[in-house]
Amino acid sequence: LSADAGVPRPTIPLPPGLELAGRYRLGAPVRGGPGNSYMAHDVVRDLPVVVKLLGAMPFVVDLDRVEQAVVPLRAVDAACLPRPLEICHARLQDLHCVFLVQEHCEGENLEERLLRAGPLPPGEVRALARRLLELLRGFSELEPPLVHGDINPRNLIFDPETGAVSLVDWGTVKAAARDWSSDS
């Protein structure tokens, strides 16, 4: 699900209030997050979600092929991952746009936490590293293996109630899908 998978990274500003797939009402861009991610509200399930614009192109996209790239993410059973909910599409500004809809992880990202509270204690750093290594090991054991492609402090979200950490921004995951065009 990355730019090198055949879908160019767009820079289309999406207006708050825009509704996608008849159910996801866009809000503001994700604070401190990647450029094409938006907070949204799933009006059917009445819960907050994150919508990430994966690509925009002038031709129709084979959504089944995009969905196949998301299947490995659904196979990962880890509490530290926001669950991908749906791939949807919309025609915007004469472009066919593809979106990944994911659960929203509430909390503060590691960058914000470090700026607010300073360095993490050594024990907490070790625990965080252990959790990430376990997750990455699990990715490497999938078929095909997954590469997140953008692990950084802004993509590690700390749950304010439990202290658990979630790895977010799955729009950069590289998997088996390479060409999403239905023209090929």
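Above: the structure in question.
Residues numbered from 1 in each chain as written. Predicted model: local features only at pLDDT ≥ 70, side-chain atom pairs only at ≥ 80, totals over all residues. Heavy atoms only, no water.

Caption draft 1: View of the overall build of the protein. Each helix and strand in the protein was counted, giving three helices and nine strands. Listing the helices and strands of the protein from first to last along the sequence gives β-β-β-β-α-β-β-β-α-α-β-β. Counting all 184 residues of the protein, 42% fall into the buried class. Here the contacts in the protein between residues at least 6 apart in sequence split such that 61% fall between residues at least 24 apart. For the protein, the accessible surface area stands at approximately 9400 Å², while carbon and sulfur atoms represent 55% of it. (Helix = DSSP H or I, 4+ residues; strand = E, 2+ residues; numbered from the N terminus. Buried < 20%, exposed > 50% of the residue type's maximum accessible area, 1.4 Å probe, protein only. Contact = heavy atoms within 4.5 Å. Areas by Shrake-Rupley, 256 points an atom, 1.4 Å probe, with all protein chains shown as cover.)

Caption draft 2: Highlighting the packing of aromatic side chains. The final tally for this structure, using the stated rule, is zero aromatic pairs. Just above the ring of F158 sits the side chain of R113; from NZ or CZ to the centre is 4.3 Å. (Phe/Tyr/Trp six-rings, centres within 6.5 Å; stacked < 30°, edge-to-face > 60°. Lys NZ or Arg CZ within 6 Å of the ring centre and 35° of its normal.)

Caption draft 3: Expanded view of a nonpolar patch on the surface. On the surface, a nonpolar cluster with roughly 250 Å² of combined accessible area is contributed by L133, L136 and I151. Tracing the chain through its elements places I151 in the loop between helix 3 (122-141) and strand 8 (156-158). (Patch = residues over 30% accessible without salt bridge, like charges linked within 9 Å, V, L, I, M, F, W, Y side chains within 5 Å. Salt bridge = Lys/Arg side-chain N within 4 Å of Asp/Glu carboxyl O.)

Caption draft 4: Structural context of the sheet that holds strand 9 (residues 165-167). Strand order across the open sheet formed by three strands is 7-8-9, with antiparallel pairing between neighbours. Every other strand in the sheet has two partners, leaving strand 7 (108-109) and strand 9 as the edge strands with one partner each. Relative to strand 9, strand 8 runs antiparallel, the two being bridged by three bridges. If you follow F158 over to strand 9, its bridge partner there is V165. Here helix 3 sits on the sheet in contact with strand 8 and strand 9, set at roughly 125 degrees to strand 8. (Pairing = 2+ DSSP bridges. Axes fitted to C-alpha atoms, helices over the stretch in contact; angles between N-to-C directions.)

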